[in-house]
Amino acid sequence: MKAVVMAGGEGSRLRPLTLNRPKPMIPLVHRVVMAHIGELLRRNHFSDVIATLQYRAEDIQNYFGDGQGFGVNLRYSVETRPLDTAGSVKYAAAELDTREPFLVISGDALTDFNLTEIIEFHKSVGALATLTLKRVPDPLEYGVVALEGDGRIAGFIEKPSWGQVLSDTVNTGIYVLSPEILDEIEPDAPLDFSRDLFPRLLKKGAPIFGYVAQGYWTDVGTLEEYHRATADILHCRVDVGEIAAEIRPGIFAAEDVEIEEDVELYAPMYLGSGVRIKRGAVVHGPTVIRAHTIIDNRAHIDRSILWQNAYIGQGVELRGAIVAGRSSIGARAVIFEGAVISDQ
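For clarity, every value in this text was computed on a predicted model and none was experimentally measured.

S.K.: What should I look at first to understand the overall build of the protein chain in this one?
M.R.: Along the backbone of the protein chain there are six helices and 30 strands. Its C-alpha atoms put the protein chain at 65 × 45 × 30 Å along the principal axes. Buried positions account for 55% of the 344 residues belonging to the protein chain. Considering only residue pairs separated by 6 or more positions, the protein chain has 52% of its internal contacts joining residues 24 or more positions apart. When the accessible surface of the protein chain is totalled, it reaches about 14,500 Å², and 46% of it is carbon and sulfur. Counting 34 positive and 47 negative side-chain charges, the protein chain places the averaged centre of each group 3 Å from the other.

S.K.: Would you explain the packing of helix H3 (residues 84-91) against helix H5 (residues 193-203) in this entry?
M.R.: Packed helix pairs are specified by the crossing angle of their axes together with the interaxial distance, meaning the distance between the axes. Two numbers describe how H3 lies on H5: the axes approach to 7 Å, and their chain directions differ by 75 degrees. Comparing the axis directions of H3 and H5 gives the class roughly perpendicular. On H5, the residues that touch Asp-84, Thr-85, Ala-86 and Val-89 of H3 are Phe-193, Arg-195 and Leu-197. Among the residues making up the contact of H3 with H5, the classes are represented as four nonpolar, one polar and two charged.

S.K.: Before we go on, may I ask you to explain empty space enclosed by the protein in this structure?
M.R.: Over the atoms, a rolling probe the size of a water molecule traces out where space has been left empty. Under the counting rule described, the total for this entry stands at two cavities of 30 Å³ or more. Roughly 90 Å³ of volume is contained in the largest cavity. Val-5, Met-34, Ala-35, Gly-38, Leu-41, Val-49, Phe-64, Gly-67, Phe-70, Val-72 and Leu-74 are the residues that line the largest cavity. Here the lining of the largest cavity takes four residues from helix H1 (residues 33-43), the largest share from any one element. Class assignment of the residues belonging to the lining of the largest cavity gives a composition of nine nonpolar, two polar and no charged. Its volume calculated, the second largest cavity comes out at about 40 Å³. Around the second largest cavity, the lining residues are Arg-31, His-36, Glu-39, Leu-40, Arg-43, Leu-110, Thr-111, Asp-239 and Val-240. Listing elements by their share of the lining of the second largest cavity, those giving two or more residues are H1 and strand E7 (109-111).

S.K.: In this structure, what is going on with the sheet that holds strand E17 (residues 264-266)? I would like to understand it.
M.R.: Where strands meet in a sheet, backbone hydrogen bonds hold them as pairs that are either parallel or antiparallel. On the basis of which strands lie adjacent, the open sheet formed by five strands has the order E17-E20-E23-E26-E29 and parallel pairing. Whereas interior strands pair on both sides, the edge strands pair on one side only; in this sheet they are E17 and strand E29 (334-335). Two elements, strand E26 (residues 317-319) and E29, share two bridges in a ladder whose sense is parallel. Opposite Leu-318, over in E29, you have Ile-335 as the bridge partner.

S.K.: Is there a simple way to think about the pairing of strand E4 (residues 48-53) in this case?
M.R.: In the case of a regular strand, side chains alternate between the two sheet surfaces. The buried count for E4 comes to five of six residues, which makes it a mostly enclosed element. Pairing of strand E1 (residues 2-6) with E4 involves five bridges; the strand directions are parallel. Each residue of the ladder has a partner; that of Val-5, found in E4, is Ala-51. With six bridges joining them, E4 and strand E5 (residues 73-78) adopt parallel strand pairing. Within E5, the residue paired with Ala-51 across the bridge is Tyr-76. In this fold, the crossover linking E4 to E5 by way of helix H2 (residues 57-64) has right-handed handedness.

S.K.: I'm lost on the sheet that holds strand E25 (residues 311-312) in this one. Help?
M.R.: Read across the open sheet, the five strands follow the order E16-E19-E22-E25-E28; overall the sheet is parallel. Every interior strand has two partners, whereas the edge strands, strand E16 (258-259) and strand E28 (328-329), have only one. In the sheet, strand E22 (residues 294-295) pairs with E25 via two bridges, with the strands oriented parallel. The residue bridging Ile-295 from the neighbouring strand is Ile-312, located in E25.

S.K.: Sorry, what's going on with helix H4 (residues 115-125) here?
M.R.: One full turn of an α-helix is made of 3.6 residues, so residues set three or four places apart face in the same direction. Regarding H4, the residues found buried are Leu-115, Ile-118, Ile-119, Phe-121 and His-122. Along H4, the residues classed as buried sweep out an arc of 160 degrees about the axis, all on the same side. Turned more than 90 degrees from where H4 packs its buried face, Glu-120 and Ser-124 sit exposed. Among the residues of H4, the N-terminal cap falls to Asn-114, whose side-chain oxygen and the backbone nitrogen of Thr-116 are separated by 3.1 Å. Positive backbone phi, at 65 degrees, marks Gly-126, one or two positions downstream of H4.

S.K.: What is the right way to read the pattern of salt bridges from this model?
M.R.: Side chains that differ in sign of charge can pair as their charged atoms come close. This model, assessed by the stated rule, comprises 22 salt bridges. Counted as one network, the salt bridges with shared partners bring together Arg-13, Lys-23, Asp-108 and Asp-219.

Rules used in this analysis
Residues numbered from 1 in each chain as written. Predicted model: local features only at pLDDT ≥ 70, side-chain atom pairs only at ≥ 80, totals over all residues. Heavy atoms only, no water. Helix = DSSP H or I, 4+ residues; strand = E, 2+ residues; numbered from the N terminus. Buried < 20%, exposed > 50% of the residue type's maximum accessible area, 1.4 Å probe, protein only. Contact = heavy atoms within 4.5 Å. Areas by Shrake-Rupley, 256 points an atom, 1.4 Å probe, with all protein chains shown as cover. Lys, Arg positive; Asp, Glu negative; His and termini not counted. Charge placed at Lys NZ, Arg CZ, Asp CG, Glu CD. Axes fitted to C-alpha atoms, helices over the stretch in contact; angles between N-to-C directions. Parallel < 35°, antiparallel > 145°, perpendicular 65-115°, else oblique. Nonpolar A, V, L, I, M, F, W, Y, C, P; charged D, E, K, R; others polar. 1 Å grid on protein atoms, 1.4 Å probe; cavity = no way out; pocket = protein on both sides within 12 Å on 5 of 7 lines; lining within 4 Å. Points joined across faces, edges and corners; volume = space filled by probe spheres on them. Pairing = 2+ DSSP bridges. Right-handed = clockwise from strand over helix to strand, strands pointing away. Arc of directions from axis to C-beta. Polar contact = N/O pair within 3.5 Å; in protein donor to acceptor, adjacent residues only side chain to side chain. Salt bridge = Lys/Arg side-chain N within 4 Å of Asp/Glu carboxyl O.

Given below as C-alpha cells:
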C-alpha cells in the first residue's frame, strides 16, 4: 500500500524554529519530525511513500533523498502554490495507485498508531474515507467528530466551544481513502479535507467512517506541544523505536559522548553524538542535547532542548528554553521559561 505524507506547511506557530527549515524538519529528540513518520510507516510495512511539498521543498528532498536510508521508496509532489490538504493529494494523484486505498498522514505529527488496523477497518466497512480519531480530555483545539453506533460519522464541529462539544473524539488528520475520492476533488484548486471535502461528502450520504485509535498522538504545532512531545518521547510514552543506547536508566546517549567529572545528570534525557558536558555541569530532564553541542563548566540546564553545534557557556542557566543550532550562549547568561534562541 501507498502512503501520502503531507509536508508542505510553513509551521508559522513554531517560529522562529521554522524560519530556516520546514516544519517536518524540526528535530524531535533523535530524529527530525518527518523521520518519525517514516519510521512508523516502515514498521507498518508501507514501502511506497509520496511526500507533498511546498514551503522549502528542497530542504526535505535534500535530506531524505529517495528514502532508501529510511527503508521506504520515497517520491515527491512539489506544489507551486499552497493547495491545502485535499488539493495537495489531488495534485499528487499521478503517483498513486488508483486501484487500492491509500493512507494520508501529516508529516509533522507524532504518533504510534497501528496503521494496519485502520486500513483493515476501512476495507471491512467499505468506506470511501476513514478518519482516524483520538479521544482527548480537552477537545476545544481540535475538530470534533461525532460517530454513530456503526462507526459512521454523524457530523463535524471545527474547534468548538464547550457548549458545542458533543464528543471527545477528535480528528487526527490521518485518513485512509479509497481512490474514488479523487474524483470529488477539483484539480489545481485549494481544498481542505476536514473543513471542505468531508462535510460535503457527508451531506451527499457518502460512506464516511471514523476509527477511534488506541495509542499516542499529538500535533507538533506549537512550541508548547514541541516541548511536550519531546518529554513524551524521553519518558517512553510513545513508541518511536530505539532512541539510543541507555547509559543509565532514562539517559539515552549516542556515540562519542564525553561527560567530565562532577557532572550531575538527572533523567530523562538524550545526548547526541559528540556531545561534551564539562566539569560541574548539572542537567535535569526532560532535556535534549543534540550532536556536537558543548556544555561548559558549571552550566545548569533544566527541561530544555538544545540543537546541534550549540555552545552553552560557563555558569549559564537554562530553564524550559530552546536553543537552536550553531548558537552560542555566553558565560553566566540566564534564559528562562518559553524563551527560544534561533539559529546562529
